[in-house]
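Residue strings, one per chain:
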Amino acid sequence: MSTLPDPSAGAAVKAADRAHVFHSWSAQGLIDPPAVAGAEGAYFWDYDGNRYLDFSSQLVNTNIGHQHPKVVAAIQEQAGRLCTIAPGFAVDVRSEAARLVAGRTPGDLDKIFFTNGGAEAVENAVRMARLHTGRPKLLSAYRSYHGATAAAINLTGDPRRWPSDTASAGVVHFWGPYLYRSPFHATSEEEECARALAHLEDTIVFEGPQTIAAIILESVVGTAGILVPPAGYLAGVRELCDRHGIVFILDEVMAGFGRTGRWFAADHWGVTPDLLTFAKGVNSGYVPLGGVAISAEIAATFDRRPYPGGLTYSGHPLACASAVATIEAMAEEGIVEHAAHLGEHVLGPGLRALAERHPSVGEVRGMGVFWALELVKDRTTREPLVPYNAAGEAAAPMNTFAAACKKSGLWPFVNMNRTHVVPPCTLTEAEAREGLAILDEALTVADSHTV
């Protein structure tokens, strides 16, 4: 830690927060946000001297860890040179950020529209798809999260959608592949893939292909479960889109920029979408930034026709400088390759070993530094450790598990009946083993709720 414990300073921070900050996704009177004093690498710490190994990467975005010196220096240098400029100007750092992103996206996704984050990227991607096709409907999976803005929250499949679902946003949901809890009664990855594609095709047919502008999918489903698609699924969706003139959007906001051990998760399956959304790992969230990578065909739609969308801070110089530094550091330091190595040789084997020891672990799945442990009451019936969308006392088993992690110095990412193992891509092998050891201990709490 770079600072000594200072509980009185922490109390002051918390008091000001309580008085003035309105927090997202929370009942304001029921939360007690920790006061963070600092962070570095894979760790952050509070004012009381508690240090946490960040197995959440905050919101699965600090892919290069906290306070990477090259990125901090790039932001400082850019601030001294040009803090801000309107998006209508050509600026060297914005052009370079776009070039570096386009150089890593699959296929011909060579035009970049910058946003302030992932939700805005999704908003603009679906707007582009609707304008390009002249069609109104959007298809997305039930197990998904695409953001909290107007269209993005309606595209989202998880329960956070419910309070904001207008039932008039032109969104139709379908079931994606998920063999462990197959909605198609499949017994193999091959069956799950074939049946999921057949279900999607039926949905397209019954909705009317001529009414569907886009299908949007997370390349690897993130918050809704770290669901790695079976071989052939994304290619099958690509074929359905091509057959019916539907725009294929891949949401790489969480899975992109090294998290799965490739620059983009789509690279694992050799699939190129028409539009690709990104954010988070593009600069590890050091300055808000997201964007849409656009195919040549869709970009051409707006060659002579104005695109009716824009943002005051689109391609903000400080954000773009941090993206340039992040991408260059990832390339120079082999961070993407390191993430793949961690997944194959440390995290994957380590998590599977935990599953052998703990009856509460129903399934381990993931790749790179993008993993989930699905926790269950009964391995035979696969009953979740807590009910779907559990709250209050019903969520107690997961809450006590999370508390055990934190008590031992690990900050987990817990969602429903799962704990996601999503540390920075820069995590060392020693840090990975430290985290696995804490998970091993905390899982005994989850085991106490099994039958």
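About the thresholds
Residues numbered from 1 in each chain as written. Predicted model: local features only at pLDDT ≥ 70, side-chain atom pairs only at ≥ 80, totals over all residues. Heavy atoms only, no water. Phe/Tyr/Trp six-rings, centres within 6.5 Å; stacked < 30°, edge-to-face > 60°. Helix = DSSP H or I, 4+ residues; strand = E, 2+ residues; numbered from the N terminus. Buried < 20%, exposed > 50% of the residue type's maximum accessible area, 1.4 Å probe, protein only. 1 Å grid on protein atoms, 1.4 Å probe; cavity = no way out; pocket = protein on both sides within 12 Å on 5 of 7 lines; lining within 4 Å. Points joined across faces, edges and corners; volume = space filled by probe spheres on them. Nonpolar A, V, L, I, M, F, W, Y, C, P; charged D, E, K, R; others polar.

## A short note on the packing of aromatic side chains
Thinking step 1. Evaluation of the coordinates by the stated rule reveals 10 aromatic pairs.
Thinking step 2. Centre to centre, the rings of Tyr52 and Trp411 are 5.2 Å apart; their planes meet at 80°, and the pair counts as edge-to-face. Note that Tyr52 is positioned in strand β3 (residues 51-54) and Trp411 in strand β14 (residues 410-411), a separation of 359 residues in sequence. Like Tyr52, the residue Trp411 is buried in the burial classification.
Thinking step 3. With a centroid separation of 6.5 Å and an interplanar angle of 90°, the aromatic rings of Phe114 and Phe278 are classed as edge-to-face. Residue Phe114 is found in strand β4 (residues 111-115), and its partner Phe278 is found in strand β9 (residues 275-278); the two are separated by 164 residues along the sequence. The pair Phe114 / Phe278 is uniform in exposure class, with both members buried.

## Considerations on the layout of surface pockets
Thinking step 1. Taken as a whole, the second largest pocket encloses approximately 480 Å³ of empty space.
Thinking step 2. Every residue lining the second largest pocket is counted, 19 residues in all, and those nearest its centre are Lys111, Ile112, Phe113, Met128 and Ile294.
Thinking step 3. Those elements giving two or more residues to the lining of the second largest pocket turn out to be α4 (92-102) and β4.
Thinking step 4. Broken down by element, the residue count for the lining of the second largest pocket peaks at four residues, all from β4.
Thinking step 5. Among the residues making up the lining of the second largest pocket, the classes are represented as 10 nonpolar, five polar and four charged.

## Remarks on empty space enclosed by the protein
Thinking step 1. A full pass over the atoms with the stated rule returns one cavity of 30 Å³ or more.
Thinking step 2. Taken as a whole, the largest cavity holds about 160 Å³ of empty space.
Thinking step 3. In this structure, the largest cavity is lined by 16 residues; those nearest its centre are Gly176, Pro177, Leu217, Glu218 and Val221.
Thinking step 4. Among the elements of the structure, β7 (212-218) and α8 (233-244) are those that each provide at least two residues to the lining of the largest cavity.

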